[in-house]
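# Residue-level structure breakdown
The chain contents come next:
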Amino acid sequence: MELIGRKGIDSVTMKEIAALSGGPIASVYQYFPNKSAIIVMLYERYVEEVRSFAVEQIEKIATAEDALDATESLFDLYYYKIRREPSTQDLLNAIQADKALGNPDITETRLQVEAFYKATEQFVSEALRENYSRALLVMFHMAGATLRLALSVPDGEARQIMTQFKSIIRTQTTYYFTGSFPATA
């Protein structure tokens, strides 16, 4: 991740990875046949960390208001993690761009959506649950796109973008929880 952060994922070579690890290149190839294998391993570590804070937030949900707060907390945690570790964005871009990896990012998003859905479906009327599930997938996926946008603009604009996105999420989620949009929407 250090090399990715410094050089970008496309510029990092297996030889540099071996040099940074302090061992011969043959040792790197013994565990990782190619750079894609390293990317997958780094992505799996990232996923474990994200799952950990996602589970922590989801476990706090006892009421509909808790669920609304959790959507904002999850987005903030995700944003600040990437802001602190910009190489993670390079890693996510590489995962999404490498067709051979089968886009595990979408698979992970679906798992997070499922966990959030299970914790919140009780707040949604039976008639809206199927649409709610699809809306969650879109919202969780759009959080990644919004994050990329926020990270590519100056801080003040990033805060405005994040505030707007959280408002959209709160408005949409409130609709599913109450059957109507909030008056402030």
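For the structure itself, look to the data block above.
What comes next is a walk through the structure. Bear in mind that the values here come from a model prediction, so they are computed numbers and not experimental data. (Residues numbered from 1 in each chain as written. Predicted model: local features only at pLDDT ≥ 70, side-chain atom pairs only at ≥ 80, totals over all residues. Heavy atoms only, no water.)

All right, on to helix α2 (residues 14–21) then. Buried within α2 we find Met14, Ile17 and Ala18. Buried residues in α2, looked at end-on, bunch into an arc of 100°, giving them a common side. Counted as exposed and oriented over 90 degrees from the buried face of α2: Lys15 and Ala19. Packed against the buried residues of α2 are α1 (2–7), α3 (25–31) and α4 (35–59). Downstream of α2 by a residue or two, Gly22 has a phi angle that is positive, lying close to 85°. (Buried < 20%, exposed > 50% of the residue type's maximum accessible area, 1.4 Å probe, protein only. Helix = DSSP H or I, 4+ residues; strand = E, 2+ residues; numbered from the N terminus. Arc of directions from axis to C-beta. Contact = heavy atoms within 4.5 Å.)

Using the criterion set out here, one finds 11 salt bridges in the structure. Taking the shortest distance from any N to any O, the salt bridge between Glu65 and Arg170 comes out at 3.3 Å. Placement of Glu65 in helix α5 (residues 64–84) and of Arg170 in helix α9 (residues 155–178) is noted, with a sequence separation of 105 residues between them. With a closest N to O distance of 3.2 Å, Asp155 and Arg83 form a salt bridge. Highlighted residues: Asp155 in helix α9 and Arg83 in helix α5, separated in sequence by 72 residues. Exposure remark for Asp155: the relative accessible area of 44% places this residue in the partly exposed category. Owing to a relative accessible area of 29%, Arg83 belongs among the partly exposed residues under this scheme. Salt bridges here are not isolated pairs; linked through shared partners, they connect Glu65, Asp69, Glu72 and Arg170. (Salt bridge = Lys/Arg side-chain N within 4 Å of Asp/Glu carboxyl O.)

Time to look at the side chain of Ser87. Along the polypeptide, Ser87 turns up in helix α6 (residues 87–97). For Ser87, a relative accessible area of 10% corresponds to the buried category.

One pass over the full model with this rule turns up 10 aromatic pairs. Pairing Tyr43 with Tyr46 gives two aromatic rings, centres 5.8 Å apart and planes at 40°, and the pair type is tilted. Separated by 3 residues within a single helix, Tyr43 and Tyr46 lie in helix α4, roughly one turn from each other. An identical accessibility class is assigned to Tyr43 and Tyr46; each is buried. Arranged with centres 5.4 Å apart and planes meeting at 50°, the rings of Tyr132 and Tyr176 form a pair that is tilted. (Phe/Tyr/Trp six-rings, centres within 6.5 Å; stacked < 30°, edge-to-face > 60°.)

Separated by 32 residues in the primary sequence, Ser87 and Val55 have C-alpha atoms spaced 23 Å apart. Here Ser87 is in contact with Met1, Ile4 and Gly5, once residues within four sequence places are set aside.

Mapped onto the elements, Thr146 comes out in helix α8 (residues 129–151). Discounting chain neighbours no more than four positions away, the residues touching Thr146 are Phe75, Ile161 and Phe165.

Turning our eyes to something else, we now look at the packing of α4 against α5. Running from N to C, α4 and α5 point in directions that differ by 150°, and their axes come no closer than 10 Å. Compared by their axis directions, α4 and α5 come out roughly antiparallel. Between α4 and α5 the crossing geometry is right-handed. Mapping the contact onto sequence places Tyr46, Glu49, Val50, Phe53, Ala54 and Gln57 in α4 and Ala70, Ser73, Leu74, Leu77, Tyr78, Lys81 and Ile82 in α5. Taken together, the residues of the contact of α4 with α5 sort by class into 9 nonpolar, 2 polar and 2 charged. (Axes fitted to C-alpha atoms, helices over the stretch in contact; angles between N-to-C directions. Parallel < 35°, antiparallel > 145°, perpendicular 65-115°, else oblique. Left-handed = near helix turned anticlockwise from the far one by under 90°. Nonpolar A, V, L, I, M, F, W, Y, C, P; charged D, E, K, R; others polar.)

Counting 54 residues, the largest nonpolar core has Tyr46, Phe116, Tyr132 and Leu136 as the members making the most contacts within it. Looking at this core, the elements that each hand over two or more residues are α1, α2, α4, α5, α6, α7 (104–120), α8 and α9. Per element, the largest residue contribution to this core is 10 residues, and it comes from α4. Those residues in contact with Tyr46 that sit more than four places away from it in its chain are Tyr78, Lys81, Ile82, Thr88, Leu91 and Leu92. (Core = buried A, V, L, I, M, F, W, Y, C linked by side-chain atoms within 4.5 Å.)

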